[in-house]
Amino acid sequence: MKPISWLALAAAALAPALAAAQEVTLRVVSAFPENQYYVKRTVEWIDKANKEGKGVLQMNFIGGPKAIPTFEIGNAVKTGVVDMALTTGAYYTNLMPEADALKLAEVSAAEQRRNGAYDLINKIWQEKANMYYLARVVEFTPFHLYLNKKIDKPDLTGLKIRITPVYRDFFQSMGAAVMTTAPGEVYTALERGVIDGYGWPIHALFDLNWQEKTRFRVDPGFYNAEVSLVVNLDKWKSLPPAARDFLTRQALAYEGQNEFWKSYNQNEARRQAQAGIQTISFDAETSRKYVQQANEVGWASIIKTCPQYGPHLRRLLGR
Ligand code: 173
């Protein structure tokens, strides 16, 4: 045989080994409890991606807050303890107050990719949190105030409400006493009567059985619940181009399904009614002011804590 054929043969024999050597495995965690639908949906996405990504990229789902507590996951991604997380900005405001601005988005994730918001988010996330912001997988979803005591106007004086940074300024502006907890602690707090209510999206109550301990939902909803995939920036940069492209395509396909939440949420509202959760609603003018106040205090807080990027975020995320 000519030497060239030997080379070709050797290369052919080595190719699978090389490909396998290039395969990267990402360690993935979730800030939400494992029985939450967000997590189940993400695990399904991972399983499918792992089938298609053999030899290129694999994702290894390690677990939820039992592996790393909800409010510590941001730092774990920042420092590379894990490679990727399913989380929301409110859970890592300890790294940067900007993280909580995504709840204020009035334009869709798809539009954010077109209008420069996504690039701005990525610039900030990389600079301040050593994170690559990969994709937003929950949107079109309002938050609500859920209560066990009846109110007839937007006044929470005397009530103790479970919050995360998402709701802090808004609920405090209505006079609430607030207490921050991870989702995993809400059920027990309700059961023990430690709280009179909580902030939470229109969906995913049932995932954690909170309907058993919830009497009222206050309408209307406010803001735009955000759940995203974020990646340690050093890990992201170290990925072979094929792995990065693969992950980008998979994540875009996942984000591309976000319209799904619209019908899902309608169904969740129906389920709440069937479970006996009553709605508290205000007259049209009071409702309008309620939502307006949520937005005003939300942005005021971002502009105050993020003088450098807050105004720019508002221009690109607002309408
Ligand atoms: O209430 C929460 O824990 C919270 O901040 C949140 C954010 C996005 C989706 C679900 C919950």
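Residues numbered from 1 in each chain as written. Predicted model: local features only at pLDDT ≥ 70, side-chain atom pairs only at ≥ 80, totals over all residues. Heavy atoms only, no water.

Trainee: Got a minute to help me understand the overall build of the protein chain in this structure?
Mentor: Helix and strand content of the protein chain: 12 helices and 11 strands. Computed over C-alpha atoms, the radius of gyration of the protein chain comes to 22 Å, within 12% of the 20 Å expected from 2.2 N^0.38 for 319 residues, which places it in the range of a compact globule. Taken along its principal axes, the extent of the C-alpha atoms in the protein chain is 90 × 40 × 30 Å. Going through the 319 residues of the protein chain one by one, you find that 51% of them count as buried. Counting contacts in the protein chain only where the partners sit at least 6 residues apart, residues at least 24 apart contribute 79% of the total. Accessible area of the protein chain: about 14300 Å², with a carbon and sulfur share of 53%. Across the protein chain, the mean location of the 38 positive side-chain charges is 1 Å away from that of the 32 negative side-chain charges. (Helix = DSSP H or I, 4+ residues; strand = E, 2+ residues; numbered from the N terminus. Rg over C-alpha atoms; globule rule 2.2 N^0.38 Å. Buried < 20%, exposed > 50% of the residue type's maximum accessible area, 1.4 Å probe, protein only. Contact = heavy atoms within 4.5 Å. Areas by Shrake-Rupley, 256 points an atom, 1.4 Å probe, with all protein chains shown as cover. Lys, Arg positive; Asp, Glu negative; His and termini not counted. Charge placed at Lys NZ, Arg CZ, Asp CG, Glu CD.)

Trainee: Would you mind going over the nonpolar core with me for this structure?
Mentor: Looking at soluble globular proteins, one finds that nonpolar side chains tend to be buried together. Formed by 102 residues in total, the largest nonpolar core has its most connected members in M59, W125, L134 and F171. Viewed by domain, this core spans two of them, domain 1 (22-141 + 225-262) and domain 2 (143-223 + 276-314), each represented by three or more residues. Not counting residues within four places of it along the chain, the set of residues in contact with W125 comprises Y92, M96, E98, A99, L102, N130, M131, Y133 and V230. (Core = buried A, V, L, I, M, F, W, Y, C linked by side-chain atoms within 4.5 Å. Domains from an automatic or database assignment.)

Trainee: I'm lost on helix 2 (residues 37-52) in this one. Help?
Mentor: Spacing of three or four residues puts side chains on the same side of an α-helix, whose turn is 3.6 residues. Its 16 residues place the ends of helix 2 23 Å apart at the C-alpha level, agreeing with the 22 Å of an ideal helix rising 1.5 Å per residue. Inspection of helix 2 places Y38, V39, R41, T42, W45, I46, A49 and N50 among the buried residues, and these make up the whole buried set. (Expected span 1.5 Å × (residues − 1).)

Trainee: Explain the packing of aromatic side chains to me, please; I cannot follow it from the model alone.
Mentor: Each pair of aromatic rings is reported with the distance of its centres and the angle of its planes. One pass over the full model with this rule turns up 29 aromatic pairs. With a centroid separation of 5.1 Å and 65 degrees between ring planes, the pair formed by F260 and W261 is classed as edge-to-face. On the basis of relative accessible area, F260 is assigned to the partly exposed category, the value being 29%. Taking NZ or CZ as reference, R244 lies 5.9 Å from the ring centre of W236, over its face. One residue, R271, lies across the ring of F206, its end atom 4.0 Å from the ring centre. (Phe/Tyr/Trp six-rings, centres within 6.5 Å; stacked < 30°, edge-to-face > 60°. Lys NZ or Arg CZ within 6 Å of the ring centre and 35° of its normal.)

Trainee: Mind showing me how you'd approach the sheet that holds strand 5 (residues 143-147) here?
Mentor: In spatial order, the strands read 7-6-8-5-9-11; together these 6 strands make up an open sheet with mixed pairing. Only two strands of the sheet have a single neighbouring strand rather than two, namely strand 7 (177-180) and strand 11 (278-281). Here the average twist between neighbouring strands, direction ignored, is 30 degrees. Here strand 9 (residues 216-222) pairs with strand 11 via 4 bridges, running parallel. Along strand 11, the bridge assignment pairs V218 with I280. (Pairing = 2+ DSSP bridges. Axes fitted to C-alpha atoms, helices over the stretch in contact; angles between N-to-C directions.)

Trainee: What is the right way to read the site of the ligand from this model?
Mentor: In the region of the ligand, 15 residues are neighbours, and Y91, R162, T164, Y167 and W200 sit closest. At 2.6 Å, a side-chain N or O of Y91 approaches an oxygen atom of the ligand. Between an oxygen atom of the ligand and a side-chain N or O atom of T164, the distance comes to 2.8 Å. The dominant element in the shell around the ligand, judged by the number of residues it contributes, is strand 8 (residues 197-201), at 3 residues. Class assignment of the residues belonging to the shell around the ligand gives a composition of 10 nonpolar, 3 polar and 2 charged. Counting contributing residues per domain, the shell around the ligand is built from domain 1 (22-141 + 225-262) and domain 2 (143-223 + 276-314), each supplying no fewer than three. (Near = heavy atom within 4 Å. Polar contact = N/O pair within 3.5 Å; in protein donor to acceptor, adjacent residues only side chain to side chain. Nonpolar A, V, L, I, M, F, W, Y, C, P; charged D, E, K, R; others polar.)

Trainee: Is there a simple way to explain the sheet that holds strand 3 (residues 84-87) in this structure?
Mentor: In a beta sheet, neighbouring strands pair by backbone hydrogen bonds and run either parallel or antiparallel. Spatially, 2-1-3-10-4 is the arrangement adopted by the 5 strands of the open sheet, whose pairing is mixed. Where the open sheet ends on each side, the last strands, each with one partner, are strand 2 (57-63) and strand 4 (131-138). Strand-to-strand, the axes of this sheet are offset by a mean angle of 25 degrees, without reference to chain direction. Two strands pair when backbone bridges link them, and strand 3 and strand 10 (residues 227-232) are joined in this way by 4 bridges, in the antiparallel orientation. Note that in strand 10 the partner of A85 across the bridge is V230.

Trainee: Help me understand unusual backbone geometry in this model?
Mentor: Most of the time, phi is negative for any residue but glycine, and the peptide bond is trans. Between D219 and P220 the backbone carries a cis peptide bond, its omega angle lying at 0 degrees. Summarising the element assignment, P220 is placed in strand 9. Despite not being glycine, N130 shows a phi value in the positive range, around 55 degrees. Phi is positive for Y223, which is not a glycine, with a value near 60 degrees. For Y223, the position within the fold is in the loop between strand 9 and strand 10.

Trainee: Before we go on, may I ask you to explain the packing of helix 2 against helix 9 (residues 241-255) in this structure?
Mentor: The N-to-C vectors of helix 2 and helix 9 enclose an angle of 140 degrees; their axes lie 11 Å apart at closest approach. The angle between helix 2 and helix 9 falls in the class oblique. The interaxial crossing formed by helix 2 with helix 9 has right-handed handedness. Along its contact with helix 2, which presents Y38, R41, T42, W45, A49 and E52, the element helix 9 presents F246, L247, Q250, A251 and Y254. Looking at side-chain class alone, the contact of helix 2 with helix 9 contains 7 nonpolar, 2 polar and 2 charged residues. (Parallel < 35°, antiparallel > 145°, perpendicular 65-115°, else oblique. Left-handed = near helix turned anticlockwise from the far one by under 90°.)

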